[in-house]
Structures are given as C-alpha cells and as structure tokens.
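Summary of the model geometry
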Amino acid sequence: MIQEITNKRPDPNGWHKELLLDETLEHFEGRIRKKYGYQFSSERFERPNRTAYKIGIHQSYREGEHIRKRQWAICTIGYYELLTFSPKEHVDKQHLKAKLKEIGITEKRLWELVDAKLAPIVQAIKLEFEASEEFKTQQEHKRLIRAWRIRRKLFEKSNGVDAYEFCYDFLNESMDLKFEHELSMAFRKRKEEEELKRRAEERERMYWEHFKRESSNYNGNYGFPPIDKPSSRFSEAEQALLKKFYRVLARSFHPDLPGGSEEAMKLVNTLKEDWGI
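Counting of residues starts from 1 at the beginning of each chain's written sequence and follows it residue by residue. Reporting in this predicted model follows two pLDDT cut-offs: at least 70 for local features of residues, and 80 or more for side-chain atom pairs to be given and counted; totals over whole chains, interfaces and linings ignore these cut-offs and use all residues. In computing side-chain properties, one takes all heavy atoms of the structure into account and sets aside hydrogens as well as water.

Residues enter patches when their relative accessible area tops 30% and they take part in no salt bridge; the joining distance is 9 Å for like charges and 5 Å for the nonpolar side chains Val, Leu, Ile, Met, Phe, Trp and Tyr. Methods summary: accessible areas were calculated by the Shrake-Rupley approach with a probe of 1.4 Å, and residue burial reflects only the protein chains presented. Definition used for salt bridges: Asp or Glu carboxyl oxygen within 4 Å of a side-chain nitrogen of Lys or Arg. Asp and Glu are treated as the negative residues and Lys and Arg as the positive ones, with His and the ends of the chain left uncounted. The atoms used to mark charge sites are NZ of Lys, CZ of Arg, CG of Asp and CD of Glu. Judged by side-chain charge, Lys212, Lys243, Lys244, Arg247 and Arg251 come together as a positively charged surface patch. Helix and strand labels come from DSSP, where a helix needs a run of H or I of at least four residues and a strand needs a run of E of at least two; each type is numbered from the N terminus. Here the positive patch takes four residues from helix H6 (residues 236–253), the largest share from any one element. Considering the arrangement of structural elements, one finds Lys243 in helix H6. Here's how the labels work: a residue is buried when its accessible area is under 20% of the maximum for its type, exposed when over 50%, partly exposed in between, all with a 1.4 Å probe on protein chains only. The exposure class assigned to Lys243 is partly exposed, which follows from its relative accessible area of 38%.

Here we come to the environment of Lys35. Positionally, Lys35 belongs in strand E3 (residues 31–40). Lys35 gets classed as partly exposed once you look at its relative accessible area, which sits at 21%. Distance in space between the C-alpha atoms of Lys35 and Ala264 is 60 Å, their sequence separation being 229 residues. Every residue pair with non-hydrogen atoms within 4.5 Å of one another is taken to be in contact. Apart from the residues within four sequence positions on either side, Lys35 is in contact with Asp22, Glu23, Thr24, Glu26, Glu165 and Phe166.

A separate point is the pairing of strand E5 (residues 66–78). Pairing between strands is defined by DSSP: at least two bridges between the two strands are required. When strand E4 (residues 51–63) meets E5, the two strands line up antiparallel, connected through twelve bridges. Note that in E5 the partner of Ile55 across the bridge is Cys75.

In the sheet, strand E2 (residues 19–28) pairs with E3 via ten bridges, with the strands oriented antiparallel. Residue pairing in the sheet places Leu20 in a bridge with Gln39 of E3. Remark: two residues form the turn of the hairpin made by E2 and E3, two consecutive strands paired antiparallel; Glu29 in that turn has positive phi of roughly 55°.

Another point: unusual backbone geometry. Negative phi values dominate among residues other than glycine, just as trans dominates among peptide bonds. In this structure, Glu29 is a non-glycine residue whose phi angle is positive, near 55°. Residues other than glycine seldom take positive phi values, yet Asn172 does so here, at roughly 75°. As for its position among the elements, Asn172 is in the loop between helix H4 (164–167) and helix H5 (177–215).

Quick look at the sheet that holds E5 now. The sheet built from three strands is open, its strands ordered E1-E4-E5 with antiparallel pairing. In the strand order of this sheet, the two ends are held by strand E1 (2–6) and E5, each with one partner. Averaged over all pairs of adjacent strands, the angle between strand axes in this sheet comes to 30°, irrespective of strand direction. Working convention: axes come from line fits to C-alpha atoms, limited for helices to the stretch in contact. Angles between N-to-C directions cover 0 to 180 degrees. Most of the contacts of helix H1 (residues 93–103) go to E5, to which it runs at about 155°, and overall it touches E4 and E5. The strands touched by helix H2 (residues 107–130) are E1, E4 and E5; relative to E4, the strand with the most contacts, the crossing angle is about 145°.

This part is about the pattern of salt bridges. Under the counting rule described, the total for this entry stands at 16 salt bridges. With its nearest N and O atoms 3.0 Å apart, the salt bridge here joins Asp162 to Arg152. A residue pair is termed long-range when its members are at least 10 positions apart, and Asp162 in the loop between helix H3 (133–159) and H4 and Arg152 in helix H3 qualify at ten residues. The exposure class assigned to Arg152 is partly exposed, which follows from its relative accessible area of 22%. For Lys266, the salt bridge identified is with Glu262, shortest N-O distance 3.8 Å. Taken together, the positions of Lys266 and Glu262, both in helix H7 (residues 262–275) and four residues apart, correspond to about one turn of that helix. Classification of Lys266 by relative accessible area gives partly exposed; the value is 33%.

What follows is the structure in structure tokens.
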C-alpha cells in the first residue's frame, strides 16, 4: 500500500545554485602558499513539491460476518528522496523485523511488493526532475568536479607530488607557474637520481654474479688451475668465521670490482690458502 500525503515543509536539500572558486592559505613545501579549490554556494534550488509517500502493508481477514483490515506502517519517504534513497534506508531494522514476524512475510517479499508499487512513481519523478534547472546545474557541477579531479591526478603523475591546487585554480587557470616549474625540475632530478642508483645496483649485481662464477676457480694466478689446499688447522666453527672474513676482503679488493687491486687480492688469497679454507 502506497499512500500519498503532503509534508508541512518543503524539502530543504535542493542542489546548490553555484559552484564557486575558493582560495585558502596552507603550509606546503617550506612556506605558506595559496591553495585553490572550490566550494558550493549556500543558496540552493527550491523544491516546491511537498508530496511524500507513506508505505505500509494491510491484510484483510474475516471476523464472523465482517471483513476487517489490519495495517502496518513501514516508512514514509519524500518525493525528492526517492531519487537518491531506497525505502530500505528509512526503516528501523529491529522494528521492521518485529512487524514482518507479525505480518507473516519475509523481508525479501516485502521489498518486492514495495518496489513493484513504487517503480512507476519513481520513474515519473525522475522524468520530471531531469527536466528541471536544478538537475541541469547539478550535472554541470559534477562534470566540472570530475574534470578537476582528473587534472589533479595527471599533475601528480607528471610532477611526482599532489600539488595541482597550489598551481592552478578550479577552472585550470595557471596561478603559480614558477612553483610548477620548481616542482617539475625537482621531480626530474629525483627520477634521474633513482635511475643512476638503479644502474649502479645493476652493475654491482652483475659484478657479483661474475665474481661468484669465477671465485671457485680463482687462486690469484688468473686462469691457471687451482692448487691443492693445505689441510686447515682451524675448527669448523673457526673456518666458517674465516670464510666470512675472506668474503668481506674479496668484495673490497677483487680486481673485477671498482676500487679493486690485483696485488691486494693476491694477498687475500694467500691468507685463504694459509687458513685452509
């Protein structure tokens, strides 16, 4: 059952009539800067239709020779609220649960009945609202906000920092070209430094892969077969520690690595042989 009633007051939640440029001061990158954005005007569109819909369930039953009816109120929802809300959002779940038990139907069945009754009403409201100046203004505001958010994302991607609002206003008018240039140059410098670091790490990785391949055969004589190792006079635990010493020294002096020394590496390998590892 859908009963049409009239509210005493109009819906106060009309869309804002204007989307205004906004300007604030905020600390960013070491100084106080102007930040540009938007805000909605306080003036809203009037919504003259005061119609609301009282949703309920009624049952007929026989009592002796008489037909009687029982009614249960589910919720009341305003004309414009039907555009954005479902009646489900206007009910108290605990109270609804008790009513459904009394009525003897499931919640799913209840909303199937309600939706079937409301569907043509909602469609008519939607068609009427979409022809209004309020709807057209709302859509234009949303379009502008979407475009603004896209520009912010693109700016951050190009400059490495979310600072679009310090360089451009809401309508994409440049407000601080110098600061934008500074951000762009700093981002470019960071990218170059990251690339140099990546290349250095890659070179070091390649050096160590080469070193690991060659170290098992390396004895300081470059290419000659390894000589027999003397038996070690150290315990297994001491040998494990000495191997760590050797690896540290080899990383510092291997001639295939930057800063390496052939003479120093020969001495390191002499120690290795003497330690019997």
